[in-house]
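# Coordinate inspection notes
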Amino acid sequence: MSSYDAIVIGGGFAGLSAASALSEAGARVLVLEARPGLGGRATAFTDPATGEVVDNGQHVLLGCYRETFRFLRRVGADGDVTLQRRLAVEMIDARGRRSRLKCPALPAPWHLLTGLLGWEALGIRDRLAALRIAPALRAAQARLARGEAGLDVAPDETVEQWLAAHGQNARLREMLWEPLALAALNQSPREAAAGSFIRVLAEMFGRDPDAAAIGLPAVPLDRLYAEPARRFVEARGGAVRTGAPARVHTMNGRVSHVTVREERLEAPHVITSVPWFALEDLLPDPDPSLAGLIRDATRLGSSPIVTVNMWFDRPVLDVPFLGLPGRAMQWVFEKRFVFGEQASHLSLVSSGAEDIVARSNDEIAALAVEEIRAALPEARQAALTRAKVVREKRATFSLKPGEPPRPGTRTPVAGLHLAGDWIDTGLPGTIESAVVSGHAAAAAVESA
Ligand SMILES: Cc1cc2nc3c(=O)[nH]c(=O)nc-3n(C[C@H](O)[C@H](O)[C@H](O)COP(=O)(O)OP(=O)(O)OC[C@H]3O[C@@H](n4cnc5c(N)ncnc54)[C@H](O)[C@@H]3O)c2cc1C
């Protein structure tokens with residue numbers, strides 16, 4: 001007989017939220033993570049050159065990440081996220097003009113609209129055009145409130161087409177929607193289907209005025225959630241193993257066992273939280289009923305993120321983060337404020353980075369330096385002491401129209417449940433999608 005009630009494969013947000021939810025409910029859980037460390041696509045590493053801990057990419061949480069904050073509270077880690085009270089963002093546009101969007105504490109969608117009306121980056125025409133999005137947002141929110149999964153949008157309509165159809169002009173798209181879509185979807189508005197974006201907007205600008213507030217981890221990502229989750233699971237009789245690449249074996253329509261190299265492990269339930277591109281290897285001799293799932297996962301495309309970490313010899317940025325619309329690097333974060341570091345450590349993020357991901361480190365770093373010096377006068381005088389490029393080629397799954405459908409939590413194989421940001425949560429590939437999927441998988445195990 002197995003000594004575990006469930007085996008969870010994958011130690012990222014999805015797997016650890018599932019494992020901690022099951023542990024909280026009294027189950028004994030074994031987590032198996034293939035890599036030497038936990039965290040998956042939201043992790044940190046020690047830079048061999050300096051010994052410094054560097055995130056694999058800046059991660060932003062939003063006030064509307066309800067399930068994520070529930071997970072972080074469960075494992076005692078919510079205090080390590082610095083969350084704004086209301087959405088407030090500074091931007092420097094492509095012509096170098098700096099402005100600030102700040103949403104007041106009003107009910108939806110008035111907080112957004114009032115914020116937009118007061119935003120000096122917009123002219124009077126742009127402000128009036130912004131109002132035209134309100135009915136579509138309200139309709140989406142009403143559908144969500146009624147628990148309706150579908151949104152009123154064609155599956156092949158892109159974000160850009162949807163925004164244009166709702167009167168959002170070029171300036172609004174440049175300053176607001178494009179940076180927001182790139183951050184939320186990790187894909188250009190010209191490529192991504194509109195459905196997930198509308199869902200994000202409906203969540204961000206819903207009834208709760210805090211939902212669009214931006215949260216930044218105050219510690220490196222592995223310390224933020226992965227190690228607290230490990231301690232939580234272990235304290236409740238579970239175990240978390242790293243360096244443990246798993247394979248799931250099925251027999252007669254149900255999970256038979258899991259192997260880690262030659263070792264055989266059994267449990268009545270297995271939750272896999274591996275990404276879409278790792279599912280095929282996880283199931284070496286799959287039940288025939290899983291063929292469609294594996295085919296779709298293998299065909300699902302990916303979208304890259306490139307991060308450039310830069311250290312300057314003096315402070316160059318006076319706020320924790322700044323939007324840089326119209327550039328390859330769309331957002332910059334000052335880790336000095338976020339982590340309380342002494343040095344000026346900027347993290348520049350390029351989402352939907354297909355155009356630059358194949359360039360050399362030197363080329364990418366040079367582009368980032370050029371853009372930051374053009375945007376920030378202080379950076380022109382400062383000496384760059386070091387730059388480190390981090391590429392995540394498969395940061396998130398693609399939201400392009402025509403991609404295969406995303407699967408649900410349940411599979412045709414008894415005892416096998418799916419989690420991961422790519423499971424059909426309606427959300428794009430985000431932490432919140434991962435945790436929603438993890439909690440749904442834990443609930444499926446509990447109700448089995
Ligand atoms: C650079 C970057 C920036 C991002 N920024 C944001 C952001 O600002 N906000 C946001 O919400 N989201 C952001 N994301 C997306 C977010 O990181 C992901 O959506 C989330 O981390 C996915 O979690 P997951 O648990 O579903 O998958 P993963 O984190 O990929 O975890 C899956 C785990 O399974 C393991 N695994 C695979 N195969 C096996 C096997 N056979 N056996 C055992 N283990 C296996 C993998 O090693 C991995 O650790 C960003 C992603 C990247 C890469």
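These numbers were taken from a predicted model, which means no experiment stands behind them. Along each chain, residues carry numbers from 1 onward, in the same order as the chain's sequence is written. In view of the model being predicted, local features appear only for residues whose pLDDT reaches at least 70, and side-chain atom pairs are presented and counted only at 80 or more, with totals across whole chains, interfaces and linings using the full set of residues. Values shown for side chains rest on all heavy atoms present in the structure; no hydrogens or waters enter the calculation.

## Focus: the overall build of the protein
Scanning the protein for helices and strands turns up 15 helices and 20 strands. C-alpha atoms define the radius of gyration, and 2.2 Å times the number of residues to the power 0.38 defines the globule rule. In terms of C-alpha radius of gyration, the protein reaches 22 Å, essentially the compact-globule figure of 22 Å for 448 residues. Burial classification: accessible surface area is computed with a 1.4 Å probe over protein chains only, and a residue below 20% of its type maximum counts as buried, one above 50% as exposed, and the rest as partly exposed. Every one of the 448 residues in the protein was classed for burial, and the buried ones make up 59%. Should any heavy atoms of two residues lie within 4.5 Å, those residues are considered in contact. In the protein, the share of contacts with a sequence separation of at least 24, taken over all contacts with a separation of at least 6, comes to 70%. For the protein, the accessible area works out to roughly 18200 Å², and carbon and sulfur atoms hold 51% of it. Averaging the positions of the 51 positive and the 52 negative side-chain charges in the protein gives two centres separated by 3 Å. Only DSSP runs of H or I covering at least 4 residues are called helices, and only runs of E covering at least 2 are called strands; the numbering of each starts at the N terminus. Here the accessible surface of atoms and residues is derived via Shrake-Rupley with a 1.4 Å probe, and residues count as covered only by protein chains that are part of the display. For the purpose of charge, His is not counted, nor are the chain termini; Lys and Arg are scored as positive and Asp and Glu as negative. Here the site of a charge means NZ on Lys, CZ on Arg, CG on Asp, or CD on Glu.

## A closer look at the layout of surface pockets
A cavity here means a set of points on a 1 Å grid, drawn over the protein atoms and nothing else, where a 1.4 Å probe fits but cannot get out; a pocket is an open set with protein on both sides within 12 Å along at least five of seven lines, and a residue lines either one if it has an atom within 4 Å of a point. Grid points are joined across faces, edges and corners, and a volume is the space filled by probe spheres set on the points. The calculated volume of the second largest pocket comes to roughly 700 Å³. What lines the second largest pocket is a set of 29 residues, among which Gly-195, Ser-196, Arg-406, Asp-424 and Gly-426 lie closest to the centre. If one sorts the elements of the lining of the second largest pocket by residue count, helix 8 (residues 194-204) sits on top with 4 residues. Along the lines of polarity and charge, the residues of the lining of the second largest pocket split into 14 nonpolar, 8 polar and 7 charged. There are two domains that each give the lining of the second largest pocket at least three residues, and those are domain 1 (6-76 + 218-300 + 400-447) and domain 2 (85-212). Each residue gets one label: Ala, Val, Leu, Ile, Met, Phe, Trp, Tyr, Cys and Pro are nonpolar, Asp, Glu, Lys and Arg are charged, and the others, such as Gly, are polar. For every domain, the bounds stem from an assignment made automatically or drawn from a database.

## Side note on the domain arrangement of the protein
Considered domain by domain, the protein is made up of domain 1 (6-76 + 218-300 + 400-447), domain 2 (85-212) and domain 3 (302-397). Taken together, the contacts link 18 residues of domain 2 with 20 residues of domain 3. Salt bridge, as used here: a side-chain nitrogen of Lys or Arg that lies within 4 Å of a carboxyl oxygen of Asp or Glu. Our count for the contact surface shared by domain 2 and domain 3 stands at 1 salt bridge. Arg-98 is the partner of Asp-318 in a salt bridge, and the nearest nitrogen-oxygen pair spans 2.9 Å. By the criterion applied in these results, polar contacts are pairs of N or O atoms within 3.5 Å in which, for protein atoms, one can donate a hydrogen and the other can accept it, and in which residues neighboring in sequence qualify only through two side-chain atoms. Counting across the domain 2 and domain 3 interface gives 9 residue pairs in polar contact (both at pLDDT 80 or more). Considering only residue class, the side of domain 2 that touches domain 3 consists of 10 nonpolar, 3 polar and 5 charged.

## Details of the site of the ligand
When we say a residue is near a molecule or strand, we mean one of its heavy atoms is within 4 Å of it. With respect to spatial proximity, 38 residues lie near the ligand, and among them Glu-33, Arg-41, Val-60, Tyr-65 and Asp-421 are the closest. His-59 is positioned with one of its side-chain polar atoms (N or O) 2.8 Å from an oxygen atom of the ligand. Within the backbone of Thr-430, an N or O atom sits 3.3 Å from an oxygen atom of the ligand. Contact with the protein chains hides 94% of the accessible area of the ligand, taken as 990 Å² for the molecule alone.

## Comments concerning the environment of Ala-134
By secondary structure assignment, the location of Ala-134 is in helix 5 (residues 134-145). Here Ala-134 falls in the buried class, since its relative accessible area comes to 11%. On a C-alpha basis, the gap between Ala-134 and Leu-324 in space is 25 Å, while along the polypeptide they are 190 residues apart.

## Side note on the sheet that holds strand 11 (residues 246-251)
Taken together, 3 strands build an open sheet; the order of strands is 11-12-13 and the sheet is antiparallel. Of all the strands in the sheet, the pair left with one neighbour each is strand 11 and strand 13 (263-265). Averaged over all adjacent pairs, the angle separating strand axes in this sheet is 30°, with direction ignored. Here, strands pair whenever DSSP counts at least two bridges between them. Inter-axis angles, ranging from 0 to 180 degrees, are taken between N-to-C directions of lines fitted to C-alpha atoms, where helices are fitted over the stretch in contact.

## Quick notes on unusual backbone geometry
Even without being a glycine, Asn-186 presents a positive backbone phi close to 55°. Residue position: Asn-186 is located in the loop between helix 7 (170-185) and helix 8. Here Asn-186 falls in the buried class, since its relative accessible area comes to 3%. One non-glycine residue, Arg-261, lies in positive phi territory at about 55°.

## Notes on the packing of helix 1 (residues 13-24) against helix 9 (residues 221-235)
The contact between helix 1 and helix 9 brings their axes to 9 Å, and the two run at 30°. Comparing their axes, helix 9 and helix 1 come out roughly parallel. Note that helix 1 runs across helix 9; the crossing there is left-handed. Contact residues: Phe-13, Leu-16, Ala-19, Ser-20, Ser-23 and Glu-24 in helix 1; Tyr-225, Ala-226, Ala-229, Phe-232 and Val-233 in helix 9. For classification purposes, an angle smaller than 35 degrees is called roughly parallel, one larger than 145 roughly antiparallel, one from 65 to 115 roughly perpendicular, and anything else oblique. Helix crossings fall into two classes, left-handed where the near helix is turned counterclockwise from the far one by less than a right angle and right-handed where it is turned clockwise.

## Let's talk about the pattern of salt bridges
In the structure shown here, the tally under the stated rule is 26 salt bridges. Each member of the salt-bridge network shares a partner with another, and the members are Asp-93, Arg-95, Arg-97, Arg-171 and Glu-174.

## As for the sheet that holds strand 5 (residues 61-62)
Spatially, 5-9-6 is the arrangement adopted by the 3 strands of the open sheet, whose pairing is antiparallel. Both outer strands of the open sheet, strand 5 and strand 6 (81-83), are each paired with one neighbouring strand and no more. Across 2 bridges, the pairing between strand 5 and strand 9 (residues 214-217) is antiparallel. Following the sheet pairing, Leu-61 is matched in strand 9 by Gly-215.

## Quick notes on helix 7
What sets the pattern is the α-helix's 3.6 residues per turn: residues three or four places apart point alike. A helix is expected to span 1.5 Å for every residue after the first. End to end, helix 7 covers just 19 Å across 16 residues, shorter than the expected 22 Å (1.5 Å per residue, more than 12% under). Two axes enter the definition of the bend at a residue: one is fitted to the seven residues ending there, the other to the seven starting there, and the bend is the angle between them. Along its length, helix 7 reaches its greatest deviation from straightness, about 40°, at Trp-177, and the proline Pro-179 lies no more than four positions downstream.

## Topic: a nonpolar patch on the surface
Surface patches are drawn from residues lacking salt bridges whose relative accessible area is over 30%; two like charges belong together within 9 Å, two nonpolar side chains (Val, Leu, Ile, Met, Phe, Trp, Tyr) within 5 Å. Residues Leu-117, Ile-124, Leu-128 and Leu-131 make up a contiguous nonpolar surface patch of roughly 370 Å² in combined accessible area. Per element, the largest residue contribution to the nonpolar patch is 3 residues, and it comes from helix 4 (residues 124-131). Within the fold, Leu-117 resides in helix 3 (residues 110-117).

## Here we look at the packing of aromatic side chains
Classification of ring pairs uses Phe, Tyr and Trp, with its six-membered ring standing for Trp, and accepts pairs whose centres are within 6.5 Å; under 30 degrees between planes counts as stacked, over 60 as edge-to-face, and the remaining range as tilted. Applying the stated criterion across every chain, the model contains 8 aromatic pairs. With 6.4 Å between their ring centres and 50° between their planes, Phe-321 and Trp-331 make a pair best called tilted. Separated by 10 residues along the polypeptide, Phe-321 in strand 16 (residues 321-323) and Trp-331 in strand 17 (residues 331-334) bring together distant segments of the chain. Summarising the burial analysis for this pair, Phe-321 and Trp-331 share the class buried. Within the aromatic cluster, the residues linked to one another by ring pairs are Phe-13, Phe-71 and Tyr-225. A cation sits over an aromatic face here: Arg-336 above Phe-337, 4.6 Å from the ring centre. Note on criteria: charge over ring means Lys NZ or Arg CZ within 6 Å of the ring centre, with the direction from the centre no more than 35 degrees off the ring normal. Sitting over the face of the ring of Phe-277, Arg-394 holds its NZ or CZ atom 3.8 Å from the ring centroid.

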